[in-house]
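These are the residues of each chain, in order.
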Amino acid sequence: MDNRHLYLTLIGKRLAYLKTEVELFNSLNLTDINVYAENFYRDFFNRLGYEFDNTNFIENNFAHIDLIDTKNKLAIQVTSQNNNKKIEEAIDGFFKDPTHKDYKLKILLIAKDAKDYRTKFGNNFNHKEDVLDIKKILARINNITALVKLKGIADFLNEQILQDRKKTESNEVETIMALIEYLSKDDNRSISEKPENVDPQFKIYNRFSEHSVFLINLYTELCTVYQQPLIEAKRVIDSVKAIKISSYLKDESDKFLTAESNDPQVALEKLAELFYGKLSENGIKFDKIGIKFYLLDELINCNVFPNN
């Protein structure tokens, strides 16, 4: 799969996921997600070259619309409804103000698909072009030729929309992945002081003397960011889970260490790639550095690359 296909696939998955979530939450009368969607699509369209503002944060009253780009004379109503009446109300309400006569109005459907409307809308509103849904947005994105722009959109969606990962592994592996997922979220991180001695019993020095400086320096560097959240995350693990995790990590990491001729640096990188691959199977982006820190912590505890 080339990069262009990869980015377009990820963009499609993320937008489809958000559409499904909005539809589900609205069916339960949980409409707070609509407010999130307004700000999300403001930032999303601005990455396509527009300069939208959310009208909720503007002093002047802009009736019947949610986003406005005063430079490009473009207005958007963000809605989860796709009926004729909703569109007519938006058109008539917005263009009642004569200062809006030079604007182009779009209706963005965030939970429904556009229909082949038979109503003859006023104010030069062409429903085939001016009623936007996810399919139409994706069609436009598909015409973007600049790979760097596609990557920027994909990265933005990856940061904004974190899908739930399907659980397909054994319990102990799922627990490890849950810990890593916790470490991957920026909101869970906090700065702590560097430990004076990260390896008080000299396990790393005794086991991997040639690589000890690299391993200790890497752990010490990451410790200030990841140590506290890892402590918090591990509080939910009982003794039985801890034993099962320890056994799994010992067996799995030993295979990597043996395959790499007892080189812990290379084996650690390969082991981190293993978990990164498992976590990313659904196209979800996780923190590879957080994975390395977790594995280094388990190395110090003799659960990764155990003593022979």
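Preceding this section is the structure that the text describes.
Keep in mind it's a predicted model, so treat the numbers as computed, not measured.

The subject of this paragraph is helix α2 (residues 32-46). The end-to-end C-alpha distance of α2 is 22 Å, a good match for the 21 Å that 15 residues give at a rise of 1.5 Å each. Looking at α2, one finds that the buried residues are I33, N34, A37, E38, F40, Y41, F44 and F45.

Residue pairs spaced three or four apart in an α-helix point in one direction, given the helix's 3.6 residues per turn. Between the first and last C-alpha of helix α10 (residues 239-259) there are 30 Å, a value that for 21 residues agrees with the 30 Å anticipated at 1.5 Å per step. When α10 is considered as a whole, its buried residues turn out to be I245, S246, Y248, L249, E252, S253, F256 and L257. Looking one or two residues beyond α10, the residue adopting positive phi is S261, at roughly 55°.

Its place among the elements puts K106 in strand β4 (residues 104-109). Residue K106 is classed as buried on the basis of its relative accessible area of 18%. Measuring from C-alpha to C-alpha, the distance between K106 and F125 comes to 8.3 Å, with 19 residues separating the pair along the chain. Residues within four places of K106 in sequence aside, it is in contact with L74, A75, I76, Q77, E129, D130 and L132. Within the local environment of K106, its side chain forms a polar contact with the side chain of D130, the two groups lying 3.0 Å apart.

Along strand β3 (residues 74-79), 6 of the 6 residues are buried, which leaves the element largely enclosed by surrounding structure. Alternating residues of β3 divide into L74, I76 and V78 and A75, Q77 and T79, and every residue in both groups is buried. Direction of pairing for strand β2 (residues 67-69) relative to β3: antiparallel, over a ladder of 3 bridges. From the neighbouring strand, L67 faces β3, where its bridge partner is I76. The pairing of β3 with β4 spans 6 bridges and is parallel. The residue of β4 that forms the bridge with I76 is K106.

Attention now moves to the pattern of salt bridges. One pass over the full model with this rule turns up 16 salt bridges. Close ionic contact of K71 with E51 constitutes a salt bridge, the shortest N to O distance being 3.3 Å. Of the two residues, K71 sits in the loop between β2 and β3 while E51 sits in the loop between α2 and β1 (53-54), which places them 20 residues apart along the sequence. In this structure K71 comes out as exposed when scored by relative accessible area, which is 59%. The partner of D297 in a salt bridge is K234, and the shortest N-O contact between them spans 3.0 Å. Of this pair, D297 sits in helix α12 (residues 288-300) while K234 sits in helix α9 (residues 212-234), and the two are 63 residues apart along the sequence. Shared partners join several salt bridges into a network, and the residues in it are K19, D113 and K135.

Counted according to the given criterion, the structure contains 16 aromatic pairs. Here the aromatic rings of F94 and F95 are separated by 5.1 Å at their centres, their planes lie at 75°, and the arrangement is edge-to-face. The same class applies to F94 as to F95, namely buried. Relative to F293, the ring of Y219 lies with its centre 5.0 Å away and its plane at 15°, an arrangement referred to as stacked. With Y219 in helix α9 and F293 in helix α12, this pair connects stretches of sequence that are 74 residues apart. The same class applies to Y219 and to F293, which are both buried. An aromatic cluster is present here, built from Y36, F40, Y41, F44, F45, Y50, F52 and F156 joined pairwise through their rings. Directly above the ring of Y276 sits K288, whose terminal nitrogen or CZ lies 4.6 Å from the centroid.

Cut-offs applied
- What you see as residue numbers is a count from 1 along each chain, following the sequence as written.
- In view of the model being predicted, local features appear only for residues whose pLDDT reaches at least 70, and side-chain atom pairs are presented and counted only at 80 or more, with totals across whole chains, interfaces and linings using the full set of residues.
- Only hydrogens and water are removed before side-chain values are computed, so all heavy atoms of the structure are retained for them.
- Here a helix means four or more residues in a row that DSSP labels H or I, a strand means two or more in a row labelled E, and each is numbered from the N terminus.
- A helix's residues, less one, multiplied by 1.5 Å, set its expected span.
- Only protein chains enter the accessibility calculation, which uses a 1.4 Å probe; a residue whose area is less than 20% of its type maximum is buried, one above 50% is exposed, and one in between is partly exposed.
- We call two residues in contact whenever any of their non-hydrogen atoms come within 4.5 Å of each other.
- Distance and chemistry together define a polar contact, namely a pair of N or O atoms within 3.5 Å, with one atom able to donate a hydrogen and the other to accept it when in protein, and with adjacent residues in sequence counting only for side-chain atoms on both sides.
- For two strands to count as paired, DSSP must find a minimum of two bridges between them.
- A pairing counts as a salt bridge when a side-chain nitrogen of Lys or Arg comes within 4 Å of a carboxyl oxygen of Asp or Glu.
- Any two rings among Phe, Tyr and Trp, with Trp reduced to its six-membered ring, count as a pair given centres within 6.5 Å; such a pair is stacked if its planes are under 30 degrees apart, edge-to-face if over 60, and tilted if neither.
- A ring has a charge above it when a Lys NZ or an Arg CZ is no more than 6 Å from the ring centre and no more than 35 degrees off the ring normal.

This is a description of form; function is not addressed.
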